[in-house]
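Single-letter residue listing:
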Amino acid sequence: MLLVPCPNCGERDQSEFHYGGEAHRTRPTAPETLSDDEWADYVFMRTNTKGVFAERWCHTAGCRKWFNALRDTGSDAFLAVYRMGEEPPRLGGEEKEEAPADEAFA
Amino acid sequence: MSVQAYRLEDGGRIDRTAPLTFRFDGRAYAGYRGDTLASALLANGVRTLARSFKYHRPRGVLTAGSEEPVALVQVGGDPATTVPNVRATELELYDGLEAFPQNCWPSLGRDVGVVNDALARFLPAGFYYKTFMGPPLNWMRFEGAIRAAAGMGRSPTAPDPDRYEHVNRHCEVLVIGGGAAGLVAAREAARTGARVILAEETGALGGGLLAGAPDAVTIDGRPAWAWLAEIEAELRAMPEVTLLTRTTGTGWYDRNWVTLAEAVLDHLPPAARDPRLPRQRLWRVRAKAVVLATGAIERPLLFHANDRPGVMLAGAVRAYLHRWGVAPGRRAVVATNNTDAWRTAFDLAAAGVEIAAIVDSRARPDERLLARAQALGLPVRAGSAVVAAKGRSEVRGAVIARADGGGREDVACDLLVVSGGWAPNLALYAQSKGAIAWDDDLQAFRPQPNGAAARFAGRAAGAFDLAASLRAAAVAGAEAAGIAPEHVPEVADDGVAYALAPAPKPQGGRVFVDLQNDVTTKDIRLAAAEGYRSIEHAKRYTTLGMGTDQGKTSGLNGVATLADTLDKTIPEVGVTTFRPPYKPVSFGAVAGRQVGELFHPRRTTAMHEAHVEAGAVFELVGDWLRPRVYPQAGESFDDALQRECRAARSSCAVLDASTLGKIDVKGPDAREFLNRVYTNAWMKLAPGRCRYGLMCNEDGMVFDDGVTACLADDHFHMTTTTGGAAGVLAWLEEYLQTEWPELKVYLTSVTEQWAVASICGPESPKLAAELFDDIDADPQAFPFMSHTSGHIADVPVRVFRISFTGEVSYEINVPARYGLWLWRLIEARGAKYGLTPYGTEGMHLLRAEKGFIIAGQDTDGTVTPLDLGMRWAVKNSADFIGRRSLFRSDTARPDRRQLVGLATADPATVLTEGAQVIAEPAERSGRTPMIGHVTSSYFSPNLGRSIALALIAGGHGKTGATVHVARRGAAPVPAEITATDFLAGFGERP
């Protein structure tokens, strides 16, 4: 069971959290102007990254707050957590070399 | 009762003043407190404990611990508490213990299944695979015979009466293994005041030191066993140290989350088990650092008939001598490739066992060992190996051959002690994805610590000499606690450094690699020849290492055999993946207290007591127990349902609606928020008014619905379905926090704050008028889809004029603590109006008469508001979640499944919910196209006929058409497509 670093509560067992999938997918402000393909891309398509991945978590059984995390999906290491609405922090050189940042925010 | 003919005169950590009697295979035996079943049977001269899995060959005791592959027994005859596949080497003896041999019939001695052994060449590797892949009928033909002949113990057949517990703990340092190394590591870590948990698998601390004479070595100037007692006392006196015995580290998961299985009471006679204690505990420990002091596992040697009872590992024989005072034979051959097994030979000789030969595959064993053997007069065969065991059912001798091809020699013996060297026990470490590397000097894999996740103490670190082993332990323990080691024990032993040569290769015959699953070297070679050249494939094809022992003693020999076959090295072949649990854990321990009523907590409403008194039949909705119907004496379920539904439309009925999800939505942007999450418009809903709404996901599919009331311009009371409440709240929070943080809205779940009694029916306005202190109940003055606040007997209430039945209704909300009082008051005041309590089944029926949907019953995540015919609930004015999806090409298709009513041609026929709808009056012989399915179906007492709702392709354009509802084993039922509201023009509607 992972330890998830909640930015508000600190490290807690994974069972207290809800996983929210890929981060930084903003809901289109004018969906009616999008083509079917563009809308389908927003609703259905997600990247499936091996390496550093920006994703969302919610501390459901704790502070109930959503937050973003950078996790290496290969090692399950949490590299950073940051609040909703914030840009992903730049990681130190070493992790970046091992696994290039996800295209969604690179 | 037989005498303990193989018990030594003295010695052993057994209590000779506490004799015990036990039964095995129908016979009574004597043993002592401190024995295991294996040691007591060996003391009694019983050497055959089991029949093997596939060939029914006699099997004895190979080891003295949890790695035992074959000495498996069934414990206890009670169908509720019997335990299969218990390792006799671990089972602590108690008075009255009864154990049975497994996989033999009619008895252990006369087992007819042994015929399989003669047929071995017809049961090759991949037998199951080949049977499955062969002609289809083969498996059917063989299955019965295979299931009867192959197998292990029997599962219990009655519910387990015992109690099990989970324990959750955090600690700084978790030490797994309570041998000398584990104790030293724990002491170093505990010096810092850190919380230390040490888990030892057996009932006693000491590990390998207990498998040697009490004074075989000295540590810090003290004889081994005296030192053990002192360090144990030292640790027990430390308040932050927890010493757990009979506790096995079974799983090492992410971030040092480790499970420990503790057998709390299993070693006691059932009558002596403290009823306050659980039988077993599962500890779930989150540790900052883990020290593995899991010791090492000895590797057997490969030769013909190496599975005969009487073939035992050298370390195990030493343990039986010293820990249990048992010499498991009279005349022994000791076969080895290493220095350590010589100690067993010397100890056997000291115990009076005749040593027929010490057979060492190395040409030049250590001079000191040779000198000692010579001094004791023990014959030595250097540069030789045992190539076969002799004896029809148990060991009667050994065939010794010289490595240089010289002559063969038959030596009589009844004990064949073997050692192929020791391998660090790294199963837990490998589970946690720890790296291991082959060490040619050790002829074993050793840990390659990667970072600070794991530390190794003792033989688990690959340190096989005690001084080095305890030095590694002190360093591991100290570093785990973040300090430098302080107390490195000084050790004095016989000074012979551990050394070994590669294990000698087998010379043909029936050579068993995996004794539990009856896998031979020939099976592995066949697997390789048939293309299963990866160790993972060969494992599955032959079942090597797939038994309850998970190949603890066979893994390395299996890899070595495959490597030899493929002409590769052992590291080139590699090892199979290690997975938890390290050894079998009972389902009871895994389940803990979460069984029966505690399996899943049930929620009950404030009015629950009244429902129980009324004899309600309950059903589970979400986590809630809700009354389904209230049958009266002598009344069937259906009779009760029909009576309740008639009352709701003819007089007056009451429903406990407390379980509906209730969310308080407050803030200046609350209205805008509702407008974005509901499909319909909310900007103009006035305070005091209510509105029904649908919620969709972004894919446009309906997932919940409910009525929301406007309490004030910035304050709303939202209701959701009972089962969807938590999900809706989480979904709303997600959008608020992640997409629209600029909206000023607070959400609070108030489901449990309000108890709700919903009264409905033509008499309900009179009842309501009688109940309310200060609310005008007249349906004209207090119109449909409005709400107000007031009092009943001075208790504040919030009343909603909303209806799920189509009847005049009042949903009366009171603070939850008044719920039961309100229910009883309504029942008392309502009696004269014919008030009838109704349950969820009646609610479902009544709403179906009106054509109201139940999200999750009439919808299934593929249904849009338009499919439901609820265009009136979809706004044009603004965006909402899922709106764009309603205009995707697929959601705009005219032939989508759409919700319609169905009226069967025969009004008495009630359709089956879920039944498939077809267009044709009869099913074709091939595949008949399905055009939809029935979602809800009832017999309506108020209409006197059956009614149903169905999702049918293009259904909205087919009103009046006849479709057919398929049945199993009967002709399809014709039915006409109708509108969904069967009561059109009857009563109120939104």
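Note that the structure is predicted; figures quoted are calculated from it, not measured. (Residues numbered from 1 in each chain as written. Chains lettered and ligands numbered in written order. Predicted model: local features only at pLDDT ≥ 70, side-chain atom pairs only at ≥ 80, totals over all residues. Heavy atoms only, no water.)

Enquirer: How should I be thinking about the overall build of chain B in this particular structure?
Expert: When helices and strands are tallied, chain B shows 23 helices and 50 strands. Judged by the C-alpha coordinates and their principal axes, chain B covers about 115 × 70 × 55 Å. Sequence separation of at least 24 residues holds for 66% of the intrachain contacts in chain B that already meet a minimum separation of 6. A total of about 39,900 Å² of accessible surface is found on chain B, and carbon and sulfur atoms cover 53% of it. Side-chain charges in chain B split into 107 positive and 112 negative, and the spacing between the mean points of these groups amounts to 4 Å. (Helix = DSSP H or I, 4+ residues; strand = E, 2+ residues; numbered from the N terminus. Contact = heavy atoms within 4.5 Å. Areas by Shrake-Rupley, 256 points an atom, 1.4 Å probe, with all protein chains shown as cover. Lys, Arg positive; Asp, Glu negative; His and termini not counted. Charge placed at Lys NZ, Arg CZ, Asp CG, Glu CD.)

Enquirer: How should empty space enclosed by the protein be read in this particular structure?
Expert: Residues and elements named next belong to chain B. On inspection of all chains with the given rule, the structure shows six cavities of 30 Å³ or more. Of the pockets and cavities examined, the largest cavity occupies roughly 610 Å³. Lining of the largest cavity is provided by 30 residues; of these, Gly551, Lys552, Gly555, Leu556 and Phe578 occupy positions nearest its centre. Ranked by the residues each element gives to the lining of the largest cavity, the list is headed by helix α14 (residues 555-566), at four residues. Per-class residue counts for the lining of the largest cavity are 15 nonpolar, ten polar and five charged. When we break the lining of the largest cavity down by domain, the ones giving at least three residues each are domain 2 (166-296 + 424-492) and domain 4 (511-579). Here the second largest cavity is characterised by a volume of approximately 120 Å³. Every residue lining the second largest cavity is counted, 14 residues in all, and those nearest its centre are Arg51, Ser52, Phe53, Val70 and Leu72. Counted by class, the lining of the second largest cavity contains seven nonpolar, five polar and two charged residues. (1 Å grid on protein atoms, 1.4 Å probe; cavity = no way out; pocket = protein on both sides within 12 Å on 5 of 7 lines; lining within 4 Å. Points joined across faces, edges and corners; volume = space filled by probe spheres on them. Nonpolar A, V, L, I, M, F, W, Y, C, P; charged D, E, K, R; others polar. Domains from an automatic or database assignment.)

Enquirer: Just checking my understanding: could you explain the sheet that holds strand β38 (residues 715-720) of chain B for this structure?
Expert: The strands making up a sheet associate through backbone hydrogen bonding, with each pair oriented either parallel or antiparallel. All names here are of chain B. Pairing in this open sheet of five strands is antiparallel, and the strands run β36-β37-β38-β35-β39 from one edge to the other. In the strand order of this sheet, the two ends are held by β36 (690-696) and β39 (746-749), each with one partner. With strand direction ignored, the average angle separating the axes of adjacent strands in the sheet is 25 degrees. Looking at chain direction, strand β35 (residues 661-666) and β39 are connected through four bridges and run antiparallel. Residue pairing across strands places aspartate 664 opposite threonine 748, the latter belonging to β39. Against the sheet, helix α19 (residues 670-677) contacts β35, β36, β37 (702-712), β38 and β39, and its axis sits at roughly 30 degrees relative to β38. (Pairing = 2+ DSSP bridges. Axes fitted to C-alpha atoms, helices over the stretch in contact; angles between N-to-C directions.)

Enquirer: Please explain the interface of chain B and chain A as it appears in this structure.
Expert: By a widespread convention, an interface's size corresponds to the accessible area lost as its parts come together. Facing 25 residues of chain B, the contacting portion of chain A comprises 25 residues. Roughly 2,200 Å² of surface becomes buried between chain B and chain A when both sides are summed, with 44% attributable to carbon and sulfur atoms. The tally of links between chain B and chain A comes to six salt bridges. Across the pair glutamate 733 of chain B and arginine 64 of chain A runs a salt bridge whose closest N-O atoms are separated by 3.3 Å. At the junction of chain B with chain A, the criterion picks out 18 residue pairs in polar contact (both at pLDDT 80 or more). At seven residues, helix α20 (residues 725-739) of chain B tops the list of elements feeding residues into the side of chain B that touches chain A. Residue composition of the side of chain B that touches chain A, grouped by class: nine nonpolar, five polar and eleven charged. (Buried area = accessible area lost by both parts, 1.4 Å probe. Salt bridge = Lys/Arg side-chain N within 4 Å of Asp/Glu carboxyl O. Polar contact = N/O pair within 3.5 Å; in protein donor to acceptor, adjacent residues only side chain to side chain.)

Enquirer: It is not clear to me how the confidence of the model for chain B should be interpreted in this structure. Could you clarify?
Expert: Detailed reading of the predicted coordinates is not advisable wherever pLDDT is low. Overall, the predicted model of chain B reaches an average pLDDT of 94, with 98% of residues at or above 70. A low-confidence stretch, residues 985-990 of chain B (pLDDT under 50), is modelled with 16 contacts involving residues beyond four sequence positions or located in other chains. (pLDDT = per-residue confidence, 0-100.)

Enquirer: Before we go on, may I ask you to explain the environment of glycine 555 of chain B in this structure?
Expert: Looking at the secondary structure, you find glycine 555 of chain B in helix α14. Considered as a pair, glycine 555 of chain B and valine 575 of chain B are 20 residues apart in the sequence and their alpha carbons are 7.7 Å apart.

Enquirer: Sorry if this is basic, but what is going on with the pattern of salt bridges here?
Expert: Side chains carrying opposite charge are able to pair once their charged atoms draw close together. Residues and elements named next belong to chain B. Enumeration according to the criterion identifies 64 salt bridges over all chains in this entry. Notably, a salt bridge pairs aspartate 35 with arginine 7, separated by 2.5 Å at the nearest N-O pair. Here aspartate 35 is found in the loop between β2 (27-33) and α1 (37-43), whereas its partner arginine 7 is found in the segment before β1 (15-24), with 28 residues between them in sequence. Summarising the burial analysis for this pair, aspartate 35 and arginine 7 share the class buried. Close ionic contact of glutamate 841 with arginine 628 constitutes a salt bridge, the shortest N to O distance being 3.1 Å. One end of the pair, glutamate 841, is in helix α23 (residues 840-850); the other, arginine 628, is in strand β33 (residues 624-629), and 213 residues separate them in sequence. Look at glutamate 841 and you get buried, because its relative accessible area is 14%. Within this structure, Asp867, Asp890, Arg893, Asp895 and Arg896 form a network of salt bridges that share partners. (Buried < 20%, exposed > 50% of the residue type's maximum accessible area, 1.4 Å probe, protein only.)

Enquirer: So what exactly am I meant to see when it comes to the side chain of asparagine 557 of chain B here?
Expert: Residue and element names in this part refer to chain B. When you line up the elements, asparagine 557 lands in helix α14. In this structure asparagine 557 comes out as buried when scored by relative accessible area, which is 2%. From its side chain, asparagine 557 meets the backbone oxygen of proline 300 in a polar contact 3.0 Å long.

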